[in-house]
Amino acid sequence: MTRPREVSERTAARALVVGLEGPWPSPEEAAWLRQWNPAGVILFARNVTGRAQLTRLCTFLHDLVPTLEITADHEGGPISHLAAAVGCPPAPWTLGQVDDLELTRKVHAETARRLAAVGVDRVLGPCADVLTNPRNPVIGVRAFGDQENLVARHVHAAVRGLNAGGVGSCLKHWPGHGASGTDSHLDEAFSGAVSTPAPFEAGMRAGCTAVMVGHLAPEKGGTPATLDRKRLDYWRRQLGELGTDPVTLWADDVTMGALRPAMMELGVPAPDGQGTGLVAPGDLPGAWFTALVEAGCDRLLIRGIPWRAFPRGEEEVFVDPAQSQGADEAWPEETAYQEARERAGCRLDPGFAHSEGDVVWLDFTAGDRWDTIVPDQAAVRDQFAQELARRFDRVHRTGDQVPRSFSRPATHLVVTSHRPLGNSWQNPVTWQPWLAREGQALVSGHPSLMADIVQVLGPGWAVKYCPEMNYA
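Residues numbered from 1 in each chain as written. Predicted model: local features only at pLDDT ≥ 70, side-chain atom pairs only at ≥ 80, totals over all residues. Heavy atoms only, no water.

> Got a sec to walk through the sheet that holds strand 7 (residues 171–174)? Specific residues and values, please.
Within the open sheet, the eight strands sit side by side as 6-3-2-1-12-11-9-7. Their pairing is parallel. Either end of the sheet is taken by a strand with one partner, and the two such strands are strand 6 (122–123) and strand 7. Note that strand 2 (residues 40–43) and strand 3 (residues 69–72) share four bridges and pair parallel. Paired with Gly40 across the strands is Glu69, a residue of strand 3. Helix 8 (residues 198–205) contacts strand 7 and strand 9 (210–213) of the sheet and is inclined by roughly 150° relative to strand 7. (Pairing = 2+ DSSP bridges. Helix = DSSP H or I, 4+ residues; strand = E, 2+ residues; numbered from the N terminus. Contact = heavy atoms within 4.5 Å. Axes fitted to C-alpha atoms, helices over the stretch in contact; angles between N-to-C directions.)

Here is the structure:
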């Protein structure tokens, strides 16, 4: 691996897109932003309590640093960090199942109008990954599908919609995270050898000018794309030929565990001494950031503020928390959102009920990383629990534990999970003691669930799959 040349501290700081701790900046965070003048801020669910609050936050940040770009992961489905303020769009997989390009465009235009109204400048999406590995643990319903042509068509429509609604976009995760069997947030991940995937080409031709590069190596032991200067230079030229504006390359969250081995090879070990898992943003050394900038990354996403690498000076900024308060206005009816979910069958069928019986709910989403980063998803689950309680005499809800034995085998089953089933749950023996030979099952979440559940339940069970549930 080529050791990076030195870049200035100020240059590295200007490439940062940082996260904040809460719904209003602390005086220290505000002073840091004004001192270092980063490229942007990335908002998470922890920064949002409602529409009025988010509007005031974005206004404050733009006034504090006029050049600041406000961004967010708001793809739809479980990755909708700003749901508390602007609602939750349908998951990309839902839109891919409907396969109506005009509907995909309308959904993204509606999302963009809402985000623009509160002051967000760019969506970190759409996801241009093709789910070629059905058991991929990190992409799942974030992809529009598992066929390259389908994904390309919907990425093109999504970018057109975001442009029409007035916000920027950022295709991800170049060169492709859909084939990976590991989560780059936690450990090394591999993309395989790829050329320019059609979905990225389609997004660029639709007018996107930003591409998020994943910390993905072509094979085990290879250099992650974000640290490979030769490959990034080639890709920048390749992608640039598809559009009319220069391409901006965004490094995915630089605290991800996938960077640990490569950084250690460069002589920049993670400060916690661990080999896997996310790294604390505030502890990262300056050399971690300069290596990425020197390799060719124009923007460096980080989920917090890198206090150690870029210390705050003595300047103070007065921050009035009262500014973050205010009444929310209701959004107009979510026509495009509702249409997509209804057409994909994302609802509880009237026939899924048993007033004198039990339903078993294996809720693997509780505590999952995707669930905890977007608290709004917990509220959706609670709403679903209430609906099940109206339809069944008893609801047996459990996580990753085998349900207890019942007086009679269960004939109704719900499985919700953002990730593929664990190994033990892929064994039919795990299910046999407490399930009847025939029944009805509802499966929601990761696209691999349907095939796995059909396999373990057997032919006597009628199984329905929904990418996401519209529980109302």
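> Give me the lowdown on unusual backbone geometry, citing residues and values where you can.
Cis geometry marks the peptide bond from Gly125 to Pro126; its omega dihedral reads 5°. Within the secondary structure, Pro126 sits in the loop between strand 6 and helix 7 (148–165). Look at the link from Lys172 to His173: it is a cis peptide, with omega at 5°. Within the secondary structure, His173 sits in strand 7. With a phi close to 50°, Asn37 is a non-glycine residue in the positive phi region. Note on placement: Asn37 falls in the loop between helix 2 (27–36) and strand 2. Judged by relative accessible area, which is 26%, Asn37 ranks as partly exposed. Even without a glycine there, the phi angle at Asp99 is positive, about 55°. Position of Asp99 relative to the elements: it lies in the loop between helix 5 (92–98) and helix 6 (101–118). (Buried < 20%, exposed > 50% of the residue type's maximum accessible area, 1.4 Å probe, protein only.)

> Describe the packing of aromatic side chains, and please don't skip the residues or the numbers.
Taken as a whole and judged by the stated rule, the model has 11 aromatic pairs. Following the ring pairs from residue to residue traces out a cluster consisting of Phe364, Trp425, Trp431 and Trp434. (Phe/Tyr/Trp six-rings, centres within 6.5 Å; stacked < 30°, edge-to-face > 60°.)

> Give me the lowdown on the pattern of salt bridges, citing residues and values where you can.
One pass over the structure, following the stated rule, counts 26 salt bridges. When the shortest N-O distance is used, the salt bridge between Arg303 and Asp253 registers 3.8 Å. Of this pair, Arg303 sits in the loop between strand 12 (299–302) and helix 12 (335–343) while Asp253 sits in the loop between strand 11 (248–251) and helix 10 (260–265), and the two are 50 residues apart along the sequence. Here Lys464 and Asp349 are joined by a salt bridge, their closest N and O atoms 3.2 Å apart. In this pair, Lys464 sits in strand 17 (residues 461–466) while Asp349 sits in the loop between helix 12 and strand 13 (354–363), placing the two residues 115 residues apart along the sequence. A residue is classified by how much of its surface remains accessible, and Asp349, at 29% relative accessible area, is partly exposed. (Salt bridge = Lys/Arg side-chain N within 4 Å of Asp/Glu carboxyl O.)

> Provide a residue-level description of the side chain of Glu294, including the pertinent values.
Within the secondary structure, Glu294 sits in helix 11 (residues 286–295). Note on Glu294: relative accessible area 11%, which makes it buried. A distance of 3.4 Å separates the side chain of Glu294 from the side chain of Arg229, its partner in a polar contact. (Polar contact = N/O pair within 3.5 Å; in protein donor to acceptor, adjacent residues only side chain to side chain.)

> So what's going on with the sheet that holds strand 16 (residues 435–445)? Residues and values would help.
The strand order across the open sheet formed by five strands is 14-13-15-16-17, and the pairing between neighbours is parallel. Only two strands of the sheet have a single partner each, and these edge strands are strand 14 (392–398) and strand 17. Averaged over all adjacent pairs, the angle separating strand axes in this sheet is 20°, with direction ignored. Here strand 13 pairs with strand 15 (residues 410–417) via four bridges, running parallel. Bridge pairing in strand 15 links Asp363 to Thr416.

> Explain the pairing of strand 2 residue by residue, including any values.
What you see with strand 2 is no split at all: Gly40 and Ile42 on one side and Val41 and Leu43 on the other are buried throughout. Looking at chain direction, strand 1 (residues 16–18) and strand 2 are connected through two bridges and run parallel. When the sheet's bridge partners are listed, Val18 is paired in strand 2 with Val41. Traced from strand 1 through helix 2 to strand 2, the parallel crossover comes out right-handed. (Right-handed = clockwise from strand over helix to strand, strands pointing away.)

> I'd love a proper account of the side chain of Thr111, names of residues and values included.
With respect to the helices, strands and loops of the structure, Thr111 is situated in helix 6. Residue classification places Thr111 among the buried residues on the basis of a relative accessible area of 4%. Residues in contact with Thr111, not counting those within four places in the same chain, are His74, Pro89 and Tyr337.

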